[in-house]
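Observations on chain architecture
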There are 2 protein chains.
Amino acid sequence: MRRWFAFAAAPLLLAQAPPPASLANTSADQIIASAPAAHWLAIDPDDIMVMDTAAGQMLVQLAPAFAPTHVQAIKRLVREGRFDDGRIVRVQDNYVVQWMARPDPLSKPAPLPAEYERPEAGLSFTPSPYADSYAEAGFIAGWQAARDAKAGTVWLAHCYGTVGVGRENPPDTGDGSELYTVIGHGPRHLDRNIANVGRVLAGIEPHAALPRGTEALGFYKAENQRVKINRVRLASQIPGFPRWQMMDTASASFAAVNKARANRTGFFVRPAGAADLCTLKVPTRPVP
Amino acid sequence: MRRWFAFAAAPLLLAQAPPPASLANTSADQIIASAPAAHWLAIDPDDIMVMDTAAGQMLVQLAPAFAPTHVQAIKRLVREGRFDDGRIVRVQDNYVVQWMARPDPLSKPAPLPAEYERPEAGLSFTPSPYADSYAEAGFIAGWQAARDAKAGTVWLAHCYGTVGVGRENPPDTGDGSELYTVIGHGPRHLDRNIANVGRVLAGIEPHAALPRGTEALGFYKAENQRVKINRVRLASQIPGFPRWQMMDTASASFAAVNKARANRTGFFVRPAGAADLCTLKVPTRPVP
């Protein structure tokens, strides 16, 4: 019986396979690997949350340009150690993994402004060449974003791995002590309804694979189902922590990556000729 | 310490919460619950694969109108018991769970036609009112689909829970013995590159939560990491198996559901006014 599965050791593939050598120079991976240093932006170590949970280590890059007050509140909670001994309390299939800081019965969190969008002024928006169902899709300084040109506003888009601030019904805006990351199809209807504060840089896999909660909205029923967060620090607090970088979304390399993603070869018999915003993930990596 | 988490027993919510009672009559769930029987289509029990795996039971609805030859081949494999003692061999984060029938060293599978799209003729396409990044988005007889009006072709869209046929590089088209379902952001670039054969009706959750494979493309490295498929039957082979139905995507109820999804209230301070194709999942349920 087992021999049948030895036979299966060369299984059928499905997409995302490396393209044939003859096409390798056009692939997104190759473009990323050969992009010049000038096409990469440094990520501030003070903007990286290093989360050590019972499921593994997850790195979250914060986006102070988009939600400055929420990001400041989150960093304060991290520095106070409030996420240490926190818990992952909710895993909803095709939606989110959500976690919370250790509640502090002595401090009542201050209300924060609704940083759900911001003025475009002062930022440089690079439009995506492809249509979007929700708004004008594009990129700002290394982030997947969208724009309302008439209103003059921009915001971070909700895609796989986006990190946002949990909140209750309006007028609540969340206080940064409860965060979530998207583990399903990009819920873009949350755009401009939530303070988006960042994205997962690494380590989402074991968290996206956590058991789904059985209560409404995927909350875990019993306290012992909750996943422990051992410790959260900023990368700036950890001596020798690796530096990270993100591709400059205004660079020619990023435009070429997106063109390659929209026109895949090798496995593909019919390139799409387009790609939606959430598919156009911004390359990030430890500084090589 | 534990008391802090008792405090947290009423956690912050995040979207998808039931809307306030005053708005309940406009919510998608309410529209679905009150849709007249005439707005539902029966699902043929011969089109439902009942998969019992080590992770749980998963129901897959097959779509013979879109990939008749592949679906026929899959049903034959099911009737021959070839998926019994099969294996889930691949789990790639934000992409797919893939499984395979027990290989049969005595039978060489016949090549199948590339059923990646089909003529629109004979089908009724209901356009989505919202823009799409890839093509013209819409619905056909209970399925999320897309259209190229100029070419006169239609196809099933790749969304969370879509089931397709694994294949090797072209000209291979797959033989139906290796299938996958999407567990991440809808990879619409696979549209028209794969024989899409159906969607998961129920039970995707424990499968989407399986550990990610550590080999290239998320394949499991060791044979003992593979997840056993105990038995696969068609619902038509199981006496008394519950009947299922899907909402008629040409019905007024489905149009109302989509409008409600595009204009969410309650938790939302700013309805999107739009929704992408993969967000407009077709309601399915056991016949009440």
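Residues numbered from 1 in each chain as written. Chains lettered and ligands numbered in written order. Predicted model: local features only at pLDDT ≥ 70, side-chain atom pairs only at ≥ 80, totals over all residues. Heavy atoms only, no water.

The next point concerns the environment of A:Pro171. Residue and element names in this part refer to chain A. When you line up the elements, Pro171 lands in the loop between strand E11 (162-165) and strand E12 (178-182). Under the relative-accessibility criterion, Pro171 is labelled exposed at 80%. Spatially, the C-alpha atom of Pro171 lies 8.8 Å from that of Ala114, the residues being 57 residues apart in sequence. (Helix = DSSP H or I, 4+ residues; strand = E, 2+ residues; numbered from the N terminus. Buried < 20%, exposed > 50% of the residue type's maximum accessible area, 1.4 Å probe, protein only.)

Attention now goes to the relation of the copies chain B and chain A. Least-squares fitting of chain B to chain A yields an RMSD of 0.0 Å, with the superposition described by an axial translation of 0.0 Å and a rotation of 180°. Both chain copies can therefore be described as sitting about a two-fold axis. (Least-squares fit on C-alpha atoms with pLDDT ≥ 70 in both.)

All names here are of chain A. Between the first and last C-alpha of helix H3 (residues 68-79) there are 16 Å, a value that for twelve residues agrees with the 16 Å anticipated at 1.5 Å per step. Residues of H3 that are buried sit in contact with strand E2 (48-53), strand E3 (56-62), E11, E12, strand E13 (196-202) and strand E14 (227-234). Immediately downstream of H3, the backbone of Gly81 shows phi near 75°, a positive value. (Expected span 1.5 Å × (residues − 1). Contact = heavy atoms within 4.5 Å.)

This paragraph deals with the sheet that holds E14(A). Residue and element names in this part refer to chain A. One closed barrel holds the eight strands; their spatial order is E2-E3-E13-E11-E12-E5-E4-E14, and the pairing between them is antiparallel. For this sheet, the mean angle separating the axes of adjacent strands, direction not counted, is 35°. In terms of strand pairing, strand E4 (residues 86-92) meets E14 through three bridges, oriented antiparallel. Bridge pairing in E14 links Arg87 to Lys228. (Pairing = 2+ DSSP bridges. Axes fitted to C-alpha atoms, helices over the stretch in contact; angles between N-to-C directions.)

In short, geometric facts, not functional conclusions.
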